[in-house]
Structure formats: C-alpha cells, structure tokens
Amino acid sequence: MPELAEVAYYCSRWNPGCGERILEARLNGRIRCFRNTEPTRLAALLEGNRMIDSRTHGKRILFRFDKRLWLSIHLGMTGSLSIRASKANLKKHDHIVLNTSIGWLVYNDPRQFGVIESFEADQLPEFWQNLPPEPISKTFDLRYFRRLARRGSRKPLKSYLLDQTRFPGVGNWMADEILWQSRIRPQRAVDSLDDEETRKLFQSVKRVSRIAMERIAPDYSDPPKTWLFHRRWRTGELCPKTGDLLKREKIGGKTTCWSEYWQR
DNA sequence: ATGCATGTTACATG
DNA sequence: ACATGTAACATGCA
C-alpha cells in the first residue's frame, strides 16, 4: 500500500515512542525483510537503546537511536507500523516488536517485501546523505523537472514516474493520478511531450504529492472525492471527468488505469 | 480454485 | 555497455 504520504503516515505512528527506551526487542529473523541486516545483533543493539528521531524520504523511513544506531525501514507492498497496547494484541505477521513504557512498537508485513536495515554509526547512513529532491520540496521546481526530463527516456511515462531516483515516493496509484490530472496518456514517452505538456505534468506531480501529504499523512484520510484514486482499483468504473469506462492494462508490469478520451 | 495486488531487483532480451 | 521488459519474491483476498 504505502507510497509517499502513506509512508509518512506510518512513520508518524511510531512518534509516541520517540524518547522512549526499548525494554525488549523481538525480531522474527526468519523473514525475508532482514536481507541486509543480522536480526540477532540488531535485537541486542535495540534493547536499552532510546529512539530519538525519525524521518522519511520517498518510501524510506529512518529511526535514530541514541547509542550509535539507525533503523531503516522500507515498507514494501504490505508493511505497516503501529503501536499495540499489549502483547496480547500481537498478530501473525508482527515481525518487529519493541516494548516500551508507552506500548509495543510493531512492524507488520504479511508479504515480507519490506526491507529492514540497521546502521551502527554516529553520522547519517550513506543513502541519506545525498538525497534527490522529493516532489514536495521547494528545490523540485520546473527547472529541475525539465532537467530530469532532458535525460531522454523512451519508456512509457508510467514507468518513468515510478523511478525512485527521479520521483522518490511516487508509486502506482500516484503515477496514475498524476497522468490523469495532467491529461496525458501513460503510454506516452517523456521525449514526446511538448512544452505545455511538460509544464502540466510538472504541476500534477507537485499537486498530487502536496495534496496527498495534506490529506493522507496526518490520519490516513482519503484523497479528494474528485480524484481518479477512487475509481482505479477495479474494472468497470467510470472516468470522473467524462463518464466513460476507464481503461485498465499492464504497463511496465504494473496495472495502469487511464481515461482514453480525457488523456491524450 | 485462479488471478491479482499500492514495490524492488536480478536476470533476460534487443 | 545501455535501455527496457519480465519473473520472482510470500501472503491474503475476491
């Protein structure tokens, strides 16, 4: 599920744990999520450590602990963060469970496509030191956007928008929303856009990211009712603008939804 | 039962 | 080497 704003939402769900000491850490080390980190060692490092800070960038989350420890989480397809009141509430796929005085911080992930990594250092882990601008940031302006587009790519815009080095945080539904709002078909290539289309695409990237953050990040509210978002999940739904049947097809391996007459 | 899922990447192909 | 496409990962749901 998690794209830009959902990731920010889940990150914030652990906020009450900020400043808390980890009394006990239970990590399910047999799952795929621990691809690059040794879970036994991480559990030992977490215990007695205090969470002091959290941040997100695109789809990544980073928690800082006070004794040379960083915990990095990518939620994959089905990862989520929450706090459970007691261990009686623990569920089957709760793979990380951190006991604190305010409750159990939980990472849950049924499909285990998420990635958990830890870093033992005083300074920021390398990935976080030189980040590309997020679409919501001020430095992500039209000039920057044009520069991204100039590195010509002939792959469909749908796939282009999912490139996390260019559009950190943009996922499948956001890409469809951005293209629908800019009235451009997902099959088009960056190369084929004229100046006006480039500007419209830029504006939609900014707008969809900003409004998603405003609506979803604080409490997981739905995006505006007028958005494609509410119509793109199953076949048979109609375009909110034209009333025509929406198209659904795989592009670049991802299910894509668009409105044939609305988008050119 | 079958097909599909909001993410990423290793591998295949041209 | 480069650019793009596909299969695979593990589980749950319609």
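Side note on the overall build of chain A
Consideration 1: Of the regular secondary structure elements, chain A holds 6 helices and 10 strands.
Consideration 2: Its C-alpha atoms give chain A a radius of gyration of 20 Å, within 12% of the compact-globule value 18 Å for 264 residues.
Consideration 3: Projected onto its principal axes, the C-alpha coordinates of chain A cover approximately 60 × 40 × 30 Å.
Consideration 4: Expressed as a percentage of the 264 residues in chain A, the buried residues total 50%.
Consideration 5: Taking all contacts inside chain A whose residues are at least 6 apart in sequence as the whole, residues at least 24 apart take part in 63%.
Consideration 6: Of the roughly 13,000 Å² that chain A leaves accessible, carbon and sulfur atoms contribute 47%.
Consideration 7: Seen as two clouds, the 48 positive and the 31 negative side-chain charges of chain A have centres 2 Å apart.

Focus: the protein's contact with DNA strand C
Consideration 1: Taken together, Arg32, Lys92, His93, Pro110, Arg111, Gln112, Phe113, Ser153, Arg154, Lys155 and Pro156 are the residues near DNA strand C.
Consideration 2: In this structure, a base nitrogen belonging to DNA strand C sits 2.7 Å away from a side-chain N or O atom of Arg111.
Consideration 3: Within the side chain of Gln112, a nitrogen or oxygen atom sits 3.1 Å from a phosphate oxygen of DNA strand C.
Consideration 4: In the surface near DNA strand C, the residues fall into 3 nonpolar, 3 polar and 5 charged.

With respect to the side chain of Ser259
Consideration 1: Residue placement: Ser259 occurs in the segment after β10 (254-258).
Consideration 2: Setting aside chain neighbours within four positions, we find Ser259 in contact with Trp180, Cys239, Thr242 and Leu246.

Observations regarding the sheet that holds strand β5 (residues 80-84)
Consideration 1: A sheet is described by the order of its strands in space; here 4 strands give the open sequence β1-β6-β7-β5, paired in antiparallel fashion. Taken across any chain shown, the strands that pair with only one partner, and hence form the sheet edges, are β1 (24-27) and β5. Strand-to-strand twist of the sheet, defined as the mean angle between neighbouring strand axes without regard to direction, takes the value 15 degrees.
Consideration 2: Packed on one face of the sheet, helix α2 (residues 39-46) meets β1 and β6 (94-100) and runs near 165 degrees to β1.

So, the domain arrangement of chain A
Consideration 1: Domain annotation of chain A identifies domain 1 (4-128) and domain 2 (142-258).
Consideration 2: On a C-alpha basis, the centres of domain 1 and domain 2 stand 30 Å from each other.
Consideration 3: At the interface, 10 residues of domain 1 touch 15 residues of domain 2.
Consideration 4: Seen at the junction of domain 1 and domain 2, the total is 0 salt bridges.
Consideration 5: At the surface where domain 1 touches domain 2, the tally comes to 3 residue pairs in polar contact (both at pLDDT 80 or more).
Consideration 6: Here the residues of the side of domain 1 that touches domain 2 are counted per class, giving 5 nonpolar, 3 polar and 2 charged.

Focus on the pattern of salt bridges
Consideration 1: Applying the stated criterion across every chain, the model contains 15 salt bridges.
Consideration 2: Of the charged contacts in the structure, one is a salt bridge between Arg26 and Glu24, with a shortest N-O distance of 2.9 Å.
Consideration 3: For Arg26, a relative accessible area of 34% gives the class partly exposed.
Consideration 4: Residue Arg210 is joined to Glu214 by a salt bridge in which the shortest nitrogen-to-oxygen separation is 3.3 Å. Of this pair, Arg210 and Glu214 both sit in helix α6 (residues 195-219), 4 residues apart, which is roughly one turn of the helix.
Consideration 5: When its relative accessible area of 48% is taken as the criterion, Glu214 is described as partly exposed.
Consideration 6: Members of the salt-bridge network, linked through shared partners, are Arg146, Asp195 and Arg199.

Thoughts on the pairing of strand β4 (residues 69-74)
Consideration 1: For β4, a buried count of 5 out of 6 residues is recorded, marking the element as mostly surrounded by other parts of the structure.
Consideration 2: Here β4 runs beside strand β8 (residues 115-119); their pairing, made up of 5 bridges, is antiparallel. Opposite Ile73, over in β8, you have Ile116 as the bridge partner.

Cut-off values and rules
Residues numbered from 1 in each chain as written. Chains lettered and ligands numbered in written order. Predicted model: local features only at pLDDT ≥ 70, side-chain atom pairs only at ≥ 80, totals over all residues. Heavy atoms only, no water. Helix = DSSP H or I, 4+ residues; strand = E, 2+ residues; numbered from the N terminus. Rg over C-alpha atoms; globule rule 2.2 N^0.38 Å. Buried < 20%, exposed > 50% of the residue type's maximum accessible area, 1.4 Å probe, protein only. Contact = heavy atoms within 4.5 Å. Areas by Shrake-Rupley, 256 points an atom, 1.4 Å probe, with all protein chains shown as cover. Lys, Arg positive; Asp, Glu negative; His and termini not counted. Charge placed at Lys NZ, Arg CZ, Asp CG, Glu CD. Near = heavy atom within 4 Å. Polar contact = N/O pair within 3.5 Å; in protein donor to acceptor, adjacent residues only side chain to side chain. Nonpolar A, V, L, I, M, F, W, Y, C, P; charged D, E, K, R; others polar. Pairing = 2+ DSSP bridges. Axes fitted to C-alpha atoms, helices over the stretch in contact; angles between N-to-C directions. Domains from an automatic or database assignment. Salt bridge = Lys/Arg side-chain N within 4 Å of Asp/Glu carboxyl O.

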